[in-house]
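Listed here are the chains, written in short residue letters.
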Amino acid sequence: MIRVATARIDSIQGLRAAAAFLVVIDHSMSIMIDSGVIRGVNLNMAWMFGGIGVKIFFLISGFIMITTTRDEFAAPDASRRFLWKRFLRIAPLYWLVTALYATRLALQGASPHLVPLTFSILFLPYRNNLGMIQPVYGLGWTLNYEMFFYLLFGIALQFRIWGGMAGLIGSLIGVVLLVKWATLAFLPESIASMLGFWGDPIVLYFAGGILIGAARIGLGDRGRLLAIGIYPAMTAALACIFAYIVYAFTFFSSDPGSYWEIAACAGAVLDRKSVV
């Protein structure tokens, strides 16, 4: 039997590296396009790289959460311990970066107002004066999704694993459908913005990662993981990722927003030889 919760999955490290590389490409291209170094290239192309990288990170996050906490479900005080660990891992450094960035803005005569700063510190989505939903330190927008997911995951830990996961996935799907089909105009603008942000279909990548993790747990416990081999599995996954990038560039000039990444990443982490 393979205890996924305690094993290191090498393919995850490869996927993280690929995702980080895509995000670096995004920011590098955006800077070069804005400065005129690259001409004739739409910013959407740069954002596509970063978008794919973020989706893979969200997949990994969902996967890691379930595989590393599988024995914590329904355990006493599991929710509090989980949320406290997540808080310590993310909040102090993010708050420091936000404070430094806000200080820089203040020195430039553009000090952020108290309300957006408070929302940023609390990891709550906020629509700024440019109409964009992002924190004071703009690059922290993904953490608003991550902390939302961690909160739901902490609640799910109060139940047995399969019931908790079903409820969590159902909640993520539910908030997406609510935003898609419901009218939010009657709500205060701040609340409508939060729901609109959290209800973006990108949150379904967390659910995709959970499903991949659940598959790995189930197959691993039964000794039925794939026998592909770590290097062929990773090669296939990365080939899918970059083939999709070429496809998106050619036909869309941006990411058309499908959920192909879930299948590409699944093959890389459902192989028994990826565990050391």
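Here the structure is shown first, and the text comes after it.
First, a word on scope: everything that follows refers to the structure included in this document. (Residues numbered from 1 in each chain as written. Predicted model: local features only at pLDDT ≥ 70, side-chain atom pairs only at ≥ 80, totals over all residues. Heavy atoms only, no water.)

1. Quick notes on the pattern of salt bridges
Now for step 1: Under the counting rule described, the total for this entry stands at two salt bridges.
Now for step 2: Where R81 meets E72, a salt bridge forms, and the shortest distance between an N and an O atom there is 3.1 Å.
Now for step 3: Taking relative accessible area as the criterion, R81 reaches 29% and is therefore assigned partly exposed.
Now for step 4: You can call E72 partly exposed: its relative accessible area is 28%.
Now for step 5: Between R80 and D77 there is a salt bridge; the shortest N-O distance is 2.9 Å.
Now for step 6: Judged by its relative accessible area of 49%, R80 is partly exposed. (Salt bridge = Lys/Arg side-chain N within 4 Å of Asp/Glu carboxyl O. Buried < 20%, exposed > 50% of the residue type's maximum accessible area, 1.4 Å probe, protein only.)

2. With respect to the nonpolar core
Nonpolar side chains in soluble globular proteins tend to be buried together.
Now for step 1: Judged by nonpolar contacts, the single largest core of 56 residues is most densely connected at F149, F153, M165, L168 and L172.
Now for step 2: Per-element tally for this core: the top contributor is helix α2 (residues 43-68), with 13 residues.
Now for step 3: If we ignore the near neighbours within four places in the chain, the residues touching M165 are I66, F73, F153, A156 and I210. (Core = buried A, V, L, I, M, F, W, Y, C linked by side-chain atoms within 4.5 Å. Helix = DSSP H or I, 4+ residues; strand = E, 2+ residues; numbered from the N terminus. Contact = heavy atoms within 4.5 Å.)

3. Remarks on the side chain of T69
Now for step 1: Note that T69 resides in the loop between α2 and α3 (78-107).
Now for step 2: In this structure T69 touches F82, F153 and L157, once residues within four positions along its chain are discounted.

4. Overview of α3
Now for step 1: Over its 30 residues, α3 runs 43 Å from end to end, which matches the ideal 44 Å to within 8%, given 1.5 Å per residue.
Now for step 2: The largest bend in α3 amounts to roughly 30° and is located at F87.
Now for step 3: When α3 is considered as a whole, its buried residues turn out to be A78, S79, F82, R86, I90, A91, Y94, T98, A102 and L105.
Now for step 4: G109 occupies a position one or two residues after α3 and carries a positive phi of about 80°. (Expected span 1.5 Å × (residues − 1). Bend = angle between axes of the 7 residues up to and from the residue.)

5. Section: unusual backbone geometry
Now for step 1: At D77, a position not held by glycine, the phi torsion is positive, near 65°.
Now for step 2: Inspection of the secondary structure assignment puts D77 in the loop between α2 and α3.

6. Digging into the packing of aromatic side chains
Now for step 1: A complete count under the given rule lists 16 aromatic pairs for this structure.
Now for step 2: Plain terms: the ring middles of W141 and Y145 are 6.0 Å apart, the flat faces sit at 85° to each other, and that makes the pair edge-to-face. Placement of both W141 and Y145 in helix α5 (residues 141-156) is noted, with a separation of four residues, approximately one turn of the helix.
Now for step 3: Looking at W141, the relative accessible area reads 31%, which means it is partly exposed.
Now for step 4: Judged by centre distance (4.8 Å) and plane angle (10°), the ring pair of F148 and W198 falls under stacked. Pair noted here: F148 is in helix α5 and W198 is in helix α7 (residues 189-198), with a separation of 50 residues, a long-range link.
Now for step 5: Among the aromatic residues, those joined into a ring-pair cluster are F58, F73, F82, W141, Y145, F149, Y150, F153, F197 and F206. (Phe/Tyr/Trp six-rings, centres within 6.5 Å; stacked < 30°, edge-to-face > 60°.)

The analysis is restricted to geometry; functional conclusions fall outside its scope.
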